[in-house]
Amino acid sequence: MKGYVKYYGQKVAWYVLTLIIAVALNFFLPRMMPGDPVRAIVNEATTGMTNASAIQQIEQQYYERFGLDKSLPEQFLTYVGNLFKGDLGTSFTQYPRPVTDVIGESVIWTLALQIPAILVGWFIGNILGAVAAYLRKGFDKAVMPLFMFLSNMPAFGMAIIMVWVFAVTLKIAPLSGGYGYDLLPSFTPEFIVSLISHYALPFFSIILITIGGQAIGMRSMSIYELNADYVKYSRFLGIKDRKIIGYVFRNAMLPQVTGLALSLGTMIGGNIVAETIFSYPGIGTTLLAGITGGDYPLISGSTLIITLMVLVANLVIEILYGVIDPRVKAAQQDS
Amino acid sequence: MLHQIKQVFRSPKFIVGFIIFMIILLMAIFYPLISSVGPMQSISKAPFTAPGTYVNIEDAVRDTGGQLTLELPIVENRIEDALTADEKQKMITWLEDNGGVAAGELSADDIETLINTWNSTYDPTLVVQGMLTSAREEYKRIDIRVKSVLSVTGVTIAEQGEDGLEVTGTIDYKRFINVNDVANTFTFPLGADNFGRDVLTELTSAILTSLRVGLIAGLIATAIGLALGLLAGYVGGLVDNLITFITNLFTVIPSFVLLILISNSISSSARGVEVVAMVIGFTAWPWTCRSVRSQVISLRNRDHVNLSKLSGHSMPKIILRDILPYVASYVVMALILQISSGILAEAQLSMLGLGPSTTEVATLGLMMNWSQKFSAWQVGAWWAFLPVILSIAFISFSLNLMNTGLDQVFNPQLRDS
Amino acid sequence: MGKVMLEVKELTTKYVTRFNEDVYAVDHVSLKIEEGKSLGIAGESGCGKSTLALSLMGYYFSPLHYTSGDIIIDGVNISGMKPDEVRKSILGNEIAYIPQAAMNALNPTQKIIRFVEDVIHAHDPKKSKKEIYDMAVERFKVLGLPPEVLQRHAVELSGGMKQRTVIAISTILSPKVLIADEPSSALDVTSQKMVIKMMRELMEKGFIKSMIFITHELPLLYNVTDDIMVMYAGQIVEKGSAKEMVFDPVHPYSKGLMGSIIVPEAGTREVKLEAIPGTPPNLKNPPDGCRFAARCKYAKLECRTYDVPEKEFRDGRMYRCIHDVEYLKEVYGRDE
């Protein structure tokens, strides 16, 4: 038991440290760029604005936010202090809404879309990969190149193809958004139907992309496991093939869990770009709006929340992995 | 070495990947050279011109030299072209509802009977109870189109003379002209984009630019990753701990986020293609570093390395002579993957509007970004985005295939898979 | 004379390579083991002894294929049975196997008790978990394994524990024949002795009725088995009681094997044979005549032309060489 506490304690501590560094990067990276980015940002944010008082307000916002008169470390402390209060500043493009509000609203959409889609895609991909490894021959030869191609398709590319085929050409799915533009979020059947129909395309496009990569990984892991000594031994003890396939599947799947953790950052990044294709009201679309509108606090808040999502997902996977894989458990007890 | 290269070219996966990649690369190098227009030259004045060959109408009408009469079902083809399936169905509905035609008697496939029945039955003056005016107007428009298509009187050509219009000739409806005889024609093999640029020329030049972005990013990432990986793996101790910590950090903090943060901070005037490529390279090295490090650690205590150490060779010499050759194949594989992910990273950044800020050259990402801004898929202009997506997918697919092929040759225990 | 537990008549099996070539790794092998007896099979790597172990179980999967011959376990001929039937009623139940790499023989992510349950349920689906647990605890105790081992995963056990666990699981259904394929090759000398002692104990207690022990070290068999067979290039070249085989080998190959130290199979392919130069023939294309002739220093021209039959020169003693026993004895005496 003590081993567990130590193991997970270390893991959590490491992730907290990573988060601190991520926050620092979020703060310092833009400031380390040559020139005066803050002034450039102010200029960019105010171009095209005619309302003098609004321009002044934004300028003041920036100066207060960045505390330009203070030293960098001082500015950083203020920034972290504000973070703890849940204050990420005020959005310019959606003035006067606080950034936390805007992000809080969109992050739910992203989570509700990506978590189920990645999990389902991961699961189906693993099953197909294992089946391909077990059957080999025809199924394998026909399906694997397709999966390989799918896994190399950029997520936004798949999204665009889905929109073009199903929304524009066949007109069987809505073109964009998270729900019908004429509806207000509520628990009416009408709204829920609209919600689901808008969910389908982004959901399936993420699943398709995820399946490809996972199936390929699972296939080679399964082939490796099928040749393991315990498979032969189990056979010679008279255990049925179906049972042995169960062992192989489980053992091949465990490394796939770590694989998921390692590729999560890239995956989420790609999916966030794909979100913008559907104008899905998630973080991706918010980020794009921030970039297009030169809304600096919104961009910074979005990148921070994306980092946080990836970190938490990684931590969850690592903890889960420690529980399900006895090999890790053994390592914990040793330490 | 030669033996290994031979081995590589015996791997079917590598060969398929190599062939796809070479086809794309050769297209990208040679097509812009043979294309008659520049990649960034706006030719069409309308956005999203569909693929096809465009013939100058005046040339076609004036050219009388090569004209000839062809006996072909001209009217039928014109009807097919002029009426959509929807419109044919509307005609059938009108005839069944108001023309006394029995339901099921007419079909959209039997166009001749439909047109004949229409011409004899349709009455534009008939006011049907309950029919909206807009619907009535639409039927009138269909009728006019049917009548004009059926007309076989040919076209009369008139020119503006001193006393008004002067008829200079007529063209019979069966007259044809050889496209080669028309002085001005232009072919858009893949249509034109929102700026009216020829997509194929633009795409091939964009592929070349994107490959350059991938190569710059890949080389930078591989160089940094290799240097740090060698250092961490060979020196070990504190240096290793520090480098491992940093690599672990950046495998968890998504490089995508770093890319956005950095690109957003570079003023758009400074954000050229090379700068974006460099930024991608500087955020992508941790993967390479990780795998090089683990390779070096497994090599560090091999006999030949120990022998070199005992012989008193210097560290750079040992690394260069006794370690580098053994990790070379991994480095090549890592570089290939870095190139492919660099191309993808550029595309994603550009989609968010943080890609190269230029109008001088196109990249695959910028082409996608323009398509998105001008709603290419909403208007169904598939030629403006589909070739770009497929190019990205095929480049990445071919590079990954080559990588898998190399992996099978250099890591024989995986050969079965 | 005891009851015959396993009788093998003229068993021949082959490997089919990727290029569709047949490799006869077990070539007309006959053997017989009585109840309470053990048989050792010795030979260099690649002589077909591991293939023989797999072939004896009567269950074949690609690339190994059955060609001809009979395997009779306690009076029942299993070579005519359907593979599924063999798997359900014979494997693990009548005939059990201890693999070469015991270290990797257990599924790393499964609790030992779950695996024991799977093994027993494969033959007797009605047995309750409680019965299985009690059975396992008892059998594990015989091998000096505490009951806690059952709740562990393979990765949590030490090498020696894994070895004993594998032996315990293989013998849990009290098989009539136990086939151990170099179960000790990865262990140090003390652990090897332990393993051998445990297996003898299992037989004395009646948990297993007979045993086949396969190794590349002929001298090791002297302490373990009643009889010894020497295998070369897929064929049996000599068999007899352990004592006679070790102290009085007749065939030049057995003679050489006794005086040689052979590098274990892992690692390098070269075999350091002091007394026997050269390497075994390629079984894809076996030579005419005596298969050992190319490496035999007593070989004559006719050795390479005529097939040599098995010759029985005393009760239960057989060898495969054209020379007379007397002649061989004489030349051995001269050489020493």
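Quantities reported herein were computed from a predicted structural model and do not represent experimental measurements.

A. Region of the structure containing the overall build of chain C. A tally of helices and strands in chain C yields ten helices and twelve strands. With respect to the principal axes defined by its C-alpha atoms, chain C has extents near 65 × 45 × 40 Å. Burial status across chain C gives 44% buried among its 336 residues. Relative to all contacts within chain C whose residues are 6 or more apart in sequence, the contacts with residues 24 or more apart total 63%.

B. Examining the overall build of chain B more closely. Within chain B, the regular secondary structure consists of 15 helices and six strands. Each of the three principal axes of chain B carries a C-alpha extent, and together these read 105 × 50 × 50 Å. Taking all 417 residues of chain B together, the buried fraction comes to 39%. Across chain B, contacts joining residues at least 24 apart in sequence account for 74% of those joining residues at least 6 apart.

C. The arrangement of the domain arrangement of chain B in detail. When the domains of chain B are assigned, the result is domain 1 (2–46 + 197–410) and domain 2 (57–183). Between the C-alpha centres of domain 1 of chain B and domain 2 of chain B there is a distance of 56 Å.

D. How the structure looks around the sheet that holds strand E2 (residues 22–34) of chain C. All names here are of chain C. Spatial strand order, E2-E1-E4-E5: four strands in an open sheet with antiparallel pairing. In this open sheet, the two edge strands, each paired with only one partner strand, are E2 and strand E5 (76–77). Here strand E1 (residues 4–16) runs beside strand E4 (residues 64–73); their pairing, made up of eight bridges, is antiparallel. Looking across to E4, one finds that lysine 9 is bridged to aspartate 70. Most of the contacts of helix H1 (residues 49–56) go to E2, to which it runs at about 65 degrees, and overall it touches E1, E2 and E4.

E. Geometry of the interface of chain A and chain B. Listed as interface residues are 46 residues of chain A and, on the opposing side, 36 residues of chain B. Of all the secondary structure elements, the ones that give two or more residues to the side of chain A that touches chain B are helix H1 (2–31), helix H2 (37–46), helix H6 (137–151), helix H7 (155–169), helix H8 (189–226), helix H10 (241–277), helix H11 (283–292) and helix H12 (296–324) of chain A. Taken together, the residues of the side of chain A that touches chain B break down into 30 nonpolar, 16 polar and no charged.

F. Structural view of the interface of chain A and chain C. Counting residues at the interface gives 19 residues for chain A and 23 residues for chain C. Secondary-structure elements contributing two or more residues to the side of chain A that touches chain C are helix H9 (229–236), H10 and helix H13 (326–334) of chain A. A class-by-class count of the residues in the side of chain A that touches chain C yields ten nonpolar, two polar and seven charged.

G. Focus on the packing of H7(A) against H10(A). Residue and element names in this part refer to chain A. Across the interface, H7 lies against H10 with an axial gap of 8 Å and an inter-helix angle of 25 degrees. In terms of orientation, H7 lies roughly parallel with respect to H10. In this structure, the crossing between H7 and H10 has a hand that is right-handed. Between H7, through Ala155, Phe156, Ala159, Ile160 and Val163, and H10, the contact on the second element is made entirely by Gly270, Asn271, Val273, Ala274 and Ile277. Per-class residue counts for the contact of H7 with H10 are eight nonpolar, two polar and no charged.

H. Structural detail: unusual backbone geometry. Phi at Lys171(A) is positive, roughly 55 degrees, even though this residue is not glycine. Judged by local crowding, Lys171(A) falls into the exposed class, with 9 C-beta atoms found within 10 Å. Phi at His28(C) is positive, roughly 50 degrees, even though this residue is not glycine.

I. The arrangement of the pairing of E4(C) in detail. Residue and element names in this part refer to chain C. Here E4 runs beside E5; their pairing, made up of two bridges, is antiparallel. Counterpart to isoleucine 73 in the pairing with E5 is valine 76. Adjacent in sequence and paired antiparallel, E4 and E5 are bridged by two residues, among which aspartate 74 carries a positive phi angle near 45 degrees.

J. Local environment of H1(C). Residues and elements named next belong to chain C. Most of H1 sits inside the fold, with eight of its eight residues counted as buried. Residues Lys49, Ser50, Thr51, Leu52, Ala53, Leu54, Ser55 and Leu56 constitute the buried set of H1. At the exit of H1 stands glycine 58, carrying a positive phi of roughly 75 degrees.

K. Geometry of the arrangement of the chains. The interface with the most contacts, out of two pairs of chains in contact, is the one formed by chains A and B. No interface is formed between chain B and chain C, the nearest pair of C-alpha atoms being 12 Å apart.

L. The sheet that holds strand E9 (residues 227–232) of chain C, seen in detail. Residue and element names in this part refer to chain C. An order of E6-E7-E8-E3-E9-E10-E12-E11 is seen for the eight strands of this open sheet, with the pairing classed as mixed. Edge positions in the sheet fall to strand E6 (95–98) and strand E11 (311–314), since each of these pairs with one other strand and no more. Here the average twist between neighbouring strands, direction ignored, is 20 degrees. Where strand E3 (residues 38–42) meets E9, four bridges bridge the pair, whose relative direction is parallel. Directly across from alanine 42, in E9, lies its bridge partner valine 230. Of the strands in this sheet, E6 and strand E7 (177–181) are in contact with helix H5 (residues 159–170), which crosses E6 at around 170 degrees.

M. Region of interest: the nonpolar core. Ala159(A) and Ile160(A) are the most contacted members of the largest nonpolar core, which has 258 residues in total. Once residues lying within four places of it in the same chain are set aside, the contact partners of Ala159(A) are Pro202(A), Ser205(A), Ala274(A), Ile277(A) and Phe278(A). Core analysis: the second largest hydrophobic core is formed by ten residues, Trp94(B), Leu95(B), Trp118(B) and Ile142(B) among them.

N. Geometry of the confidence of the model for chain C. Residue and element names in this part refer to chain C. Here chain C averages 82 in pLDDT, while 90% of its residues score no lower than 70. Confidence drops under pLDDT 50 across residues 261–273; counting only partners more than four residues distant or on other chains, this segment forms 18 contacts. Across the interfaces of the predicted complex, the ipTM metric reaches 0.85, alongside a pTM of 0.80.

O. Region of the structure containing the packing of helix H5 (residues 85–98) of chain B against helix H6 (residues 111–121) of chain B. Residues and elements named next belong to chain B. With their axes 11 Å apart at the nearest point, H5 and H6 run at an angle of 50 degrees to one another. With respect to each other, H5 and H6 are oriented oblique. Note on packing geometry: the crossing formed by H5 with H6 is left-handed. In this structure, H5 uses Lys88, Met91, Ile92 and Leu95 to contact H6, whose residues at the interface are Leu114, Thr117, Trp118 and Thr121. Of the residues that constitute the contact of H5 with H6, the class distribution is five nonpolar, two polar and one charged.

P. Looking closely at the environment of Thr100(A). All names here are of chain A. Following the sequence through the fold, threonine 100 ends up in helix H5 (residues 99–135). For threonine 100, a count of 18 C-beta atoms within 10 Å puts it in the partly exposed group. Here the alpha-carbon distance between threonine 100 and isoleucine 305, two residues 205 residues apart in the chain, equals 9.9 Å. In this structure threonine 100 touches Gly86, Asp87 and Leu88, once residues within four positions along its chain are discounted.

Q. Main features of the environment of Tyr319(C). All names here are of chain C. Structurally, tyrosine 319 can be placed in strand E12 (residues 317–319). Considering only alpha carbons, one finds tyrosine 319 and threonine 171, 148 residues apart in sequence, at a separation of 33 Å. Contacts of tyrosine 319, omitting those with residues within four sequence positions, involve Val237, Glu238, Val250, His251 and Lys311.

R. Main features of the pairing of E1(C). Residue and element names in this part refer to chain C. Bridge analysis of E1 against E2 gives nine bridges, and the strand direction is antiparallel. Paired with valine 16 across the bridge in E2 is aspartate 22. What sits between the antiparallel neighbours E1 and E2 is a turn of five residues, in which asparagine 20 has the positive phi angle 65 degrees.

S. Looking closely at the environment of Phe186(B). Of note, Phe186(B) is situated in strand E6 (residues 185–188). Phe186(B) sits 179 residues away from Gly365(B) along the chain, and the two C-alpha atoms are 27 Å apart.

Calculation criteria
- Residues numbered from 1 in each chain as written.
- Chains lettered and ligands numbered in written order.
- Predicted model: local features only at pLDDT ≥ 70, side-chain atom pairs only at ≥ 80, totals over all residues.
- Helix = DSSP H or I, 4+ residues; strand = E, 2+ residues; numbered from the N terminus.
- Buried ≥ 20, exposed ≤ 12 C-beta atoms within 10 Å, placed from the backbone.
- Contact = placed C-beta atoms within 7 Å.
- Domains from an automatic or database assignment.
- Pairing = 2+ DSSP bridges.
- Axes fitted to C-alpha atoms, helices over the stretch in contact; angles between N-to-C directions.
- Nonpolar A, V, L, I, M, F, W, Y, C, P; charged D, E, K, R; others polar.
- Parallel < 35°, antiparallel > 145°, perpendicular 65-115°, else oblique.
- Left-handed = near helix turned anticlockwise from the far one by under 90°.
- Core = buried A, V, L, I, M, F, W, Y, C linked by C-beta atoms within 7 Å.
- pLDDT = per-residue confidence, 0-100.

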